[in-house]
Amino acid sequence: PNRTGFLLTLEDALRSGRQSAGFAVLCIEFDREALFGEGGDSTAGARRLSELAGQVRGAMRQPHHCARLGGSRFGVLIAHASEAAAEAAARRLIDSQERDAGVPVAVGIGSYPGVGLSADEVLRHVEIAMHRAQQASRSAIAVHKFGFESWQRRRDRVEAGLLRAAEEGRFRLAAQPRFDARSGLAVALEVQLRWRDRELGEVAASQFMGVAPERGLVGALDDWVLEHGLLQQRRWRAAGHRLRLNVNVSDWQLTQPGYVRRVAAALEAAGCAPEDLEIDVAESALRADPDAALAALRSLARQGVRVMLDGFGVGTSSIATLQRLPFTGVKLDASLAQACAGAGAEARWVPALVQLVHAMDLEVHASGVDTEAQRAALLAAGCEGLQGRRLGAWMEDRALESWFSLPASQRRP
């Protein structure tokens, strides 16, 4: 994966890391002059870089995700790892280079939670540590030291600001279109919560959604998105734009008593039809409380609400799960959009996965479509819907109004 893919992996880790043993991140840069010489890129240097990528993976002893961040720089996320485990992996890599008279390497290291609260912040901090390591005259390691007290103070500020924003209703929605793969026409808009605090500025969702469960705000935030999203959809319909509304539901909210009734009440209050609403459900929600999740999904389906399994293809969902639960379709995980356009094994089995889901009469939609190559590969694989930055950006207020003001044919990617 590239830098974008690595940031997506970090975001997933941040969502789950608060309930687990955390993780460690490494930023690894090999000496570019030793690789390519003074003249810049070379065929031999590119071949050597590919070999070094394999050596990076070989230095890891625990489950990990590796990406090329650009040039001769790599990022590695080690799941359920401490700072000490990351240092040991970095030392193995450096030792192998020094033993074989290889390429000098600088490694920056950070561990969650001290390394930061958002994907961008985590990567920025480990890259800063890597730049410190580069100041040494030979291969070196530098560890990011944010300090737990500083991290806790920042988290406290996010928590206080979130509570204040909830009381004052200082949230807004951003929307991203999903397109029919064949016609290129927009068929749905996914809406997500955005928050800008008076003191903190724009706060990433990965930061405030990690605090929300601890303060009992998850349900309130989910309800806010649903209710305001439906009110926006009513305005779209009044202006002649027939697009479905797509929202996410948290694991906790789905299994709470009364959730389905609140969905029905919100639809009635906004005057929207159930079939015009799509609710994305994460696989983790099915594991948290299977019986409650099953009851809620069946009730939503009976109402006529479309229910999608989000992040499909990278978890443990079985075919039996898809057959047993009343899903309208699945959303492929964003990492599969990247893999589908590559040269690895995933490029071959993603189309097979799409065919398998189609065999169960379910739709297949893809998110995270960031390049033309990904769009073309997913279209060839048979996906019905495509969504991502290559096709349409996240939009708010004026940008969304401007987009709607275009004829439908001009709203295509």
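Procedures and definitions
Throughout this description, residue numbers start from 1 for each chain and increase along the sequence as written. Per-residue local features are limited, in this predicted model, to residues with pLDDT of at least 70; the limit for side-chain atom pairs, both in listing and counting, is 80 or more; totals at the level of whole chains, interfaces and linings are taken over all residues. Only hydrogens and water are set aside when side-chain values are computed; all heavy atoms of the structure are taken into account. Helix and strand definitions here come from DSSP, where helices need a minimum of 4 consecutive H or I residues and strands a minimum of 2 consecutive E residues; each element is numbered from the N-terminal end. Multiplying one less than the number of residues by 1.5 Å gives the expected span of a helix. The buried label applies to any residue whose accessible area, calculated with a 1.4 Å probe on protein chains only, is under 20% of its type's maximum; exposed applies above 50%, and partly exposed to all values in between. Our arc is simply the arc of the directions from the helix axis toward the C-beta atoms. Two strands pair under a simple rule: DSSP has to find at least two bridges between them. Helix axes use the C-alpha atoms of the stretch in contact, all axes being lines fitted to C-alpha atoms, and the angles between their N-to-C directions lie in the range 0 to 180 degrees. When checking whether two residues touch, look at their non-hydrogen atoms; a contact exists if any pair is within 4.5 Å. Two rings from Phe, Tyr or Trp (for Trp, the six-membered ring) form a pair when their centres are within 6.5 Å of each other. A pair whose planes differ by under 30 degrees is stacked, one over 60 is edge-to-face, and the rest are tilted. A ring is scored as having a charge over it whenever the NZ atom of a lysine or the CZ atom of an arginine sits within 6 Å of its centre and within 35 degrees of its normal.

(A) Just helix H12 (residues 290–303), in detail. Relative to the 20 Å expected for 14 residues at 1.5 Å per residue, H12 spans 20 Å between its end C-alpha atoms, a close match to the ideal helical length. Those residues of H12 that sit buried are Ala293, Leu294, Ala296, Leu297 and Leu300. The buried residues of H12 all sit within an arc of 165° when viewed along its axis, so they share a single face. In H12, the exposed positions angled more than 90 degrees off the buried face are occupied by Asp291 and Arg302.

(B) Focus on the sheet that holds strand S4 (residues 105–111). On the basis of which strands lie adjacent, the open sheet formed by five strands has the order S2-S3-S1-S4-S5 and mixed pairing. Each edge of the open sheet is held by one strand with a lone partner, namely strand S2 (64–70) and strand S5 (140–143). Across the sheet, the axes of successive neighbouring strands diverge by a mean angle of 20°, strand direction being ignored. Here helix H5 (residues 119–134) sits on the sheet and contacts strand S1 (23–30), S2, strand S3 (73–79), S4 and S5; the angle it forms with S4, its principal contact strand, is near 140°.

(C) Just the packing of aromatic side chains, in detail. Applying the stated rule across the entire model yields five aromatic pairs. Between Phe23 and Tyr112, the ring centres sit 5.2 Å apart and the planes meet at 15°, which makes this aromatic pair stacked. Here Tyr112 lies in the loop between S4 and H5 and Phe23 lies in strand S1, a separation of 89 residues in the sequence. You'll find Phe23 and Tyr112 in the same group, each marked buried. When the ring of Phe171 is compared with that of Trp224, the centres are 5.9 Å apart and the planes differ by 70°; the resulting orientation is edge-to-face. Of this pair, Phe171 sits in strand S6 (residues 171–180) while Trp224 is found in helix H8 (residues 218–238), placing the two residues 53 residues apart along the sequence. It is Arg194 that lies over the ring of Trp394; its NZ or CZ is 5.2 Å from the centre. Sitting above the plane of the Trp403 ring, Arg411 keeps its charged end 5.1 Å from the centroid.

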